[in-house]
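Chain residues, written in single-letter form:
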Amino acid sequence: MAGRFFPAALMARRNLTRTKMRSLLASLGIVIGVVAIASLGMFGVALQYSFTQNLGNVGNQLTVYPNSGENVTELTERDIRTIRREASATATVSPVKTRVEPVSYNREDEVRETIYGVENPEELYEAKEGRVSPFRSGALVGSSVAEAHDLHPGSQITVNGTSVRIRAVLEEGDAFSPTNPDNRVIVPATSFSQRGYSEVYVMESTGTQANETAMGIRDSLNNREDRVFVQELGSLVDTIEEQFQIINTVLAGIASISLLVAGISILNVMLMSTVERREEIGVLRAVGYQKRDVLKVMLMEATLLGFLGGIAGVILSIGAGLAINHYAVGDAMAVFRLPNAWYVGAAFSFGVLTSIVSGLYPAWKAASEEPVDALRG
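Here the structure is a predicted model, which means the values were calculated and not measured.

1. Considering the packing of aromatic side chains
Okay, step 1: Here the structure, examined in full by the defined rule, presents 4 aromatic pairs.
Okay, step 2: Ring plane angle 75° and centroid distance 5.8 Å describe the contact between Phe307 and Phe348, whose orientation is recorded as edge-to-face. Taken together, the residues Phe307 in helix α8 (residues 291-328) and Phe348 in helix α9 (residues 338-367) connect sequence positions 41 residues apart.
Okay, step 3: In this structure Phe307 comes out as partly exposed when scored by relative accessible area, which is 41%.
Okay, step 4: Between the aromatic rings of Trp342 and Tyr343, the centroid separation amounts to 5.2 Å while the plane-to-plane angle is 85°, which identifies the pairing as edge-to-face.
Okay, step 5: A residue is classified by how much of its surface remains accessible, and Tyr343, at 12% relative accessible area, is buried.
Okay, step 6: Positioned over the ring face of Tyr116 is Arg184, at 4.1 Å from the centre of the ring.

And the structure:
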């Protein structure tokens, strides 16, 4: 078997080098196709990774709201106790009150802002400047508010006509987290006259535990009427990832069209080669070459075109992936993550397979040629 395989490979290589420019152009189609599939796939992975990084660690977070559709306007202390009971022992449960008040920063014109009342802000936030706890008076502001109005610990703002001192500027939060403080003004919950709560943040240790807690809260508080709405960010993250997978598949499908074009190019090259070498093929058949031997040589030519084009495409794809991940993710070495390796491997395999399939008909046509007819031609 080996004795027959290697002569076929050597003959195929010789035949391809006889028409170097034609072979190069045919192989170039495979290069372009492999680079297109791999690069678009890696671009989709980088885009998904960048987006999910911005989501941050929000898969383990829940937010419980009163269901206004059932005329439930606030959560009671009893509801809070039920939520704490359903949460795990390691969970953080933070009830929050909200109201809309006129706020003035640095004696500027008043604007209406949502003010948040939190009992234990140290469970949710860290200070960028100043101290978060103890929190019995004053206000905490998010980094975006502080930057927009040049606020620092000790600065004064006015909330509903009352002067309030800034105790701390908070660290930036995850963009999609419900607890993100960047644009918030937070005051002690004791400064609110209302007894009920507007929402409750629940932070569990894992996304699985968050899902179990959400189910428990719904079973306990919505057993008679739908009193609360529980938002699970883990489900949102899963949905986004599923959508990105669909986008990646569509991108790879679009890129595969270039490989189909490359396959047609190889088909054309192989057919031309068959016509030009008709007498040569006739001689080979006349001296004892079987149909399968001719078929093997012709298929080897197509395979070499695909293999060499695929190798060049993989090298260029890795280079493109380094650039994509450097600019999209900030880490060029992310190109070697498993999803990217899968796209590169799939593109290479598809390129070689396209070449082989494109060479099937020309190879069969050459192998089926009768020696007498070929020599007469």
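Additional details are given in the paragraphs that follow.
2. Regarding the environment of Val335
Okay, step 1: On the secondary structure map, Val335 appears in the loop between α8 and α9.
Okay, step 2: Its relative accessible area of 5% is what places Val335 among the buried residues.
Okay, step 3: Linking Val335 and Arg131, residues 204 residues apart in sequence, is a C-alpha distance of 41 Å.
Okay, step 4: Ignoring sequence-local partners within four residues, the contact set of Val335 consists of Met42, Ile318, Gly321, Leu322, Asn325, Asn340 and Ala341.

3. Focus on α8
Okay, step 1: Look at α8: 53 Å from first C-alpha to last across 38 residues, which is about the 56 Å you get at 1.5 Å a residue.
Okay, step 2: Looking one or two places after α8, you find Gly330, whose phi comes out positive at around 85°.

4. Here we look at the layout of surface pockets
Okay, step 1: When its volume is computed, the largest pocket comes out at roughly 350 Å³.
Okay, step 2: In terms of lining, the largest pocket is formed by 16 residues, of which the most central are Leu124, Tyr125, Gly173, Asp174 and Thr179.

5. Considerations on the pairing of strand β9 (residues 199-203)
Okay, step 1: In terms of burial, β9 is a largely internal element, 5 of the 5 residues being buried.
Okay, step 2: Burial of the side chains of β9 extends over both faces: Glu199, Tyr201 and Met203 are buried on one face and Val200 and Val202 on the other.
Okay, step 3: Across 4 bridges, the pairing between strand β1 (residues 61-66) and β9 is antiparallel. For Thr63, the partnering residue across the bridge sits in β9 and is Tyr201.

About the cut-offs
Residues numbered from 1 in each chain as written. Predicted model: local features only at pLDDT ≥ 70, side-chain atom pairs only at ≥ 80, totals over all residues. Heavy atoms only, no water. Phe/Tyr/Trp six-rings, centres within 6.5 Å; stacked < 30°, edge-to-face > 60°. Helix = DSSP H or I, 4+ residues; strand = E, 2+ residues; numbered from the N terminus. Buried < 20%, exposed > 50% of the residue type's maximum accessible area, 1.4 Å probe, protein only. Lys NZ or Arg CZ within 6 Å of the ring centre and 35° of its normal. Contact = heavy atoms within 4.5 Å. Expected span 1.5 Å × (residues − 1). 1 Å grid on protein atoms, 1.4 Å probe; cavity = no way out; pocket = protein on both sides within 12 Å on 5 of 7 lines; lining within 4 Å. Points joined across faces, edges and corners; volume = space filled by probe spheres on them. Pairing = 2+ DSSP bridges.

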